[in-house]
Structures are given as structure tokens and as C-alpha cells.
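In case you want the letters, here they are:
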Amino acid sequence: MVFSSNVFLFLFLPLFLITYSLLPFRWRSGWILLGSYALYSWWRLDFLWLLIAITLVSYGFGLVLGRQPDGRGRRWTLVAATALNLAALGYFKYANFGIESFNAITQTLGFQPFTFTPVLLPIGLSFFIFHAISYLVDIYRREEPPTHNLLDFAAFIALFPHLIAGPVLKYNLLADQFLSRTHTLEKFSSGATRFMTGFAKKVLIADTLAPLVTAAFNQPDPTMADAWLGALAYTLQLYFDFSGYSDMAIGLAAMMGFKFPENFNHPYVSRSITEFWRRWHMSLSSWLREYLYISLGGNRGGRARTYLNLWLTMVLGGLWHGANWTFVLWGVWHGSILAAERRMKEASLWTPSPAWLTIPGTMLLVILGWVMFRADNVPDALRMYGGMLGVNGFALSDTLAWQVRGSVLVTMLLAAVLVYVAPLWGQRVGDVGSKLLRPTLAVGATVALLPLFVLAVMKLSAQSYTPFLYFQF
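Residues numbered from 1 in each chain as written. Predicted model: local features only at pLDDT ≥ 70, side-chain atom pairs only at ≥ 80, totals over all residues. Heavy atoms only, no water.

Asker: A description of the overall build of the protein should follow, citing residues and the corresponding values.
Answerer: Looking only at helices and strands, the protein features 19 helices and zero strands. In terms of overall dimensions, the protein is globule-like: its C-alpha atoms have a radius of gyration of 23 Å, near the 23 Å expected for 473 residues. Dimensions of the protein, computed from C-alpha atoms along their principal axes, come out at roughly 65 × 65 × 50 Å. Across the 473 residues in the protein, those meeting the buried criterion constitute 52%. Surface accessibility of the protein: about 21900 Å² in total, with carbon and sulfur atoms responsible for 68%. (Helix = DSSP H or I, 4+ residues; strand = E, 2+ residues; numbered from the N terminus. Rg over C-alpha atoms; globule rule 2.2 N^0.38 Å. Buried < 20%, exposed > 50% of the residue type's maximum accessible area, 1.4 Å probe, protein only. Areas by Shrake-Rupley, 256 points an atom, 1.4 Å probe, with all protein chains shown as cover.)

Written out as C-alpha cells, the structure reads:
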């Protein structure tokens, strides 16, 4: 069950919130757990056992780590706990990829391919595995004590706003909120507004651009116009799809009394790839920095090792997104640029440049990376890159032209305005610092949002099932 579905909007969410509000506080964690398990098992009941097993294993190992003294034994306990979590991730997410890659090599050498039954990937697996690992590592580092409340811990792992597609959260961010949190009409209204904002972004913008993106990336010989239009549309689609989901998750959490951290901060106005990763999917960037980059050694092993650690972090981060060589190469792309930017700054070769130059330059690098990220395979990505260079001509092809309707172009223009003009307007409002202007704008935005939300619900009811893009990762 996804957030952008009538079943969620008009059945699950009202029943969940009404019951939640009527229950005493001490019973609400149990209701969160039951509701989250019901939502997760709506897709496939048989994968619920995996979520429960990961929860129990991580909880048990956390208690053991909390009691053990520092030393080799404790280190091996963390290794064993992490290995079990990664084994589940590796089997369900990478078994197909590994066998297919092995078969490609053996067939090249003239051997028969290995036959196997494809493994189905449970949705949200990457996210709740990361939640479990961060909890265990924090205990190992003595940064947080283990929890003895299995119910709250299970409710954290399964908490449905962030269960399926993030944000990636640490247990210590919510531990105190499970013990005590406020429930006010103001917080609920703010959460509902945030949820409606994300819903409108997803359905009215991302879903409107989806057919154009699919058609462009399916072109056998894309022209320059085909390829660039498809790449630009996907750049906007992905942002509004995933930031829309994050808005909905943050809003749902607020309606339940929780405070989630922000996950996006206008990433497309970044002036470097380094800044981009401080603004894009910030919860994942923080996780990769704290639990992968630092674990690899961070910047403690000299310059060359620092660059290598940056590169490896992004390569592994790319592989985390999916079992495909396209994600590995996307990680290589970003990791190489991050290492290059760091080297240029350390060598004093990085000089301040105006925004009109650095923002488009950064966006060009981001868009080129998104092409590899979106393509089904490396040959398809190379075909798109060839189209972007004009090897198949320059004009818009007839097979794609029918997808370029007026509504699609208006949506792309509106999306670009929201990406680049809204941050500037927000900054101006902040500079004014008026205590009257900002509340007035907030009320006006809420009033304007209501018809957009109704329109989004109507559009959702008329279109086919459209899950969020990040569900596949």
C-alpha cells in the first residue's frame, strides 16, 4: 500500500489516526506497530517475517553489545550482527545481480549459464536494514545505550511513514519521542499541510512527467531534443517524486506527534557536487558519512586514502540504490567528482565563482549522472548520451512529439519555477523578517493548497497505480 492510493487515503489513514487519537499514550506504540505491520503486509504477507526477524535480531544483539566490555569479543559481536543484516540485504537485493553477472561472464567464455529462480525484493528492505545497522553501531560506539523496550524499538523499525522509502533515521532521534511527545491541533494541522504538499508534488508534477520520461528513455535512437528533454524531465520527476514522499512522511509523522528531520534542502541550487550531497537525500548522505565513510577511515589516513574513502562511499552508496551496473557507475561518477572537488580545494585551485556559472555547471553534472541512474542498463544509458551529443540528429522525433503535450510543458515550467524561484522568494521573506508577513503567507499557501490537493486526489483516481520511484531502491 502506497501513500498515493485511495485505499491509504480513505481507508487506512483515517482508521489509523482516529484509533490512534482515542488510545491512551501507553498503548500508542503498540497501535503504531500493528498499523505499520498491516500496511507493510498489504503488499505481501510472507515478507512480514523478514521485517520481524531483523527487528528481533537487532534488538537482541543491541542488548548483548550494551553489556559487553570493550575488546575483541565486542567487536566480533558487532561484526556478526551487521553481517546478518547485510546477508539479508545481499540475498534479497543482490542475488539476481550476482548470478546474472556471473552468467554473463561464463557465457562469454562459452559455458552454459547457471539456471536460478529470481529472488523477489521486499520493499523498504534497504531502509530498515540501514535503521537497524545504525542502531547497533551507535551502541557499539557507546554513543547511545541499548533500549530495553522491544515494543518501542519494533515500532521505530516499522514506523510506516519512513518504513518503505525513508528518510533514513537513527533510533536516538526518536527514542525520547516514543517516551514523550506532544499532540496538538497546530502540529496536526502543520503535518496535514505538509502531507498535502508532498501528495500534490508527487501526483500533479512527478506523475505528469512520468510518461514523457519513459517514452524518452525507451527511444531506440533518441535525437538530441529527445534525450535532453527526457533527461530534464527525469531530473524534475525524480526530485518531486522523492521530495514529495519525504514531505508526506514528515507530515504523517507530525500528525502522530513525531518530528522527522528534513530530507531535502533545495538541492538543485547547489554550486558544487559536494554541496549537492549536503542538500539531496540528507538523511542518506548523513548515514553514509557516519557509518560508511568514517568506518572506512574517513580523512584519517592521508589525502590519497581520504579521496579513496570518498570514492568508495559513493560507489557503495550507488550500489545500495540498486543491483545494477548503472548504479555502480552513477556512484563512480559522483565519487570521482567529490574526490576531485576536495583535491581542488586542498590545492587552493577552487576559486569562488558566480552563481550563474556554478549552478548550471553543477546541474549539468547532476543531469548526466541521472541519465545513468534512470537507464535500465549501461547500453541504454550510452544510447541516451549519444542522443544528447546529437549522433542521431537534433530535432524532436515524431515518436516522442506526441508525448510533449501542453500540460506536460506547463508542468515542467512550473516545476522549474518551484525549484529555482521558490528558494529565492523564501530567502527574501526570511530577510524581511516580518512577524506578520510569514504567517499571512503560510495561511495563503494552505488555502491555495486545498484545491490542489483535491485536484491531485481526482487525478490519482483517474490514473493507473503509480508507486514512488524510490520504492525500487
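Asker: Can you lay out helix α1 (residues 6-22) for me, pointing to particular residues and giving the numbers?
Answerer: Its 17 residues give α1 an end-to-end C-alpha distance of 24 Å, which sits within 8% of 24 Å, the value for a rise of 1.5 Å per residue. When the local axis directions of α1 are compared, the greatest deviation, roughly 35°, occurs at Phe 12, which is followed within four positions by the proline Pro 14. Along α1, the residues that are buried comprise Phe 8, Leu 9, Phe 12, Leu 13, Phe 16, Leu 17 and Tyr 20. (Expected span 1.5 Å × (residues − 1). Bend = angle between axes of the 7 residues up to and from the residue.)

Asker: Account for the pattern of salt bridges, with residues named and values stated.
Answerer: Taken as a whole and assessed by the stated rule, the structure comprises 14 salt bridges. Residue Asp 138 pairs with Lys 170 through a salt bridge whose shortest N-O separation is 3.8 Å. Taken together, the residues Asp 138 in helix α5 (residues 125-140) and Lys 170 in the loop between α7 (160-163) and α8 (171-179) connect sequence positions 32 residues apart. We classify Lys 170 as buried; its relative accessible area is 17%. A cluster of three or more residues bridged by salt bridges with shared partners is formed by Arg 194, Lys 201, Asp 247 and Glu 262. (Salt bridge = Lys/Arg side-chain N within 4 Å of Asp/Glu carboxyl O.)

Asker: Break down unusual backbone geometry for me, with residues and values.
Answerer: For His 266, which is not a glycine, the phi torsion comes out positive at approximately 50°. Within the element layout of this structure, His 266 appears in the loop between α10 (224-255) and α11 (273-279). A positive phi is found at His 281, a non-glycine position, where the angle reads about 40°. Residue placement: His 281 occurs in the loop between α11 and α12 (282-293).

Asker: Quick one: what's the story with the nonpolar core, residue by residue and with numbers?
Answerer: Most often, soluble globular proteins have nonpolar side chains that are buried together. Core analysis: the biggest nonpolar cluster contains 131 residues, and Phe 8, Phe 258 and Trp 370 have the highest contact counts within it. With 17 residues, α10 is the single largest residue contributor to this core. Those residues in contact with Trp 370, other than ones at most four positions away along the chain, are Tyr 234, Thr 235, Leu 238, Tyr 268, Phe 276, Trp 280 and Trp 330. (Core = buried A, V, L, I, M, F, W, Y, C linked by side-chain atoms within 4.5 Å. Contact = heavy atoms within 4.5 Å.)

Asker: Quick one: what's the story with a nonpolar patch on the surface, residue by residue and with numbers?
Answerer: A grouping of Val 7, Leu 11, Leu 15 and Trp 42 is seen on the molecular surface, where their side chains present a nonpolar patch of about 400 Å² in accessible area. Tracing the sequence through the fold places Val 7 in helix α1. (Patch = residues over 30% accessible without salt bridge, like charges linked within 9 Å, V, L, I, M, F, W, Y side chains within 5 Å.)

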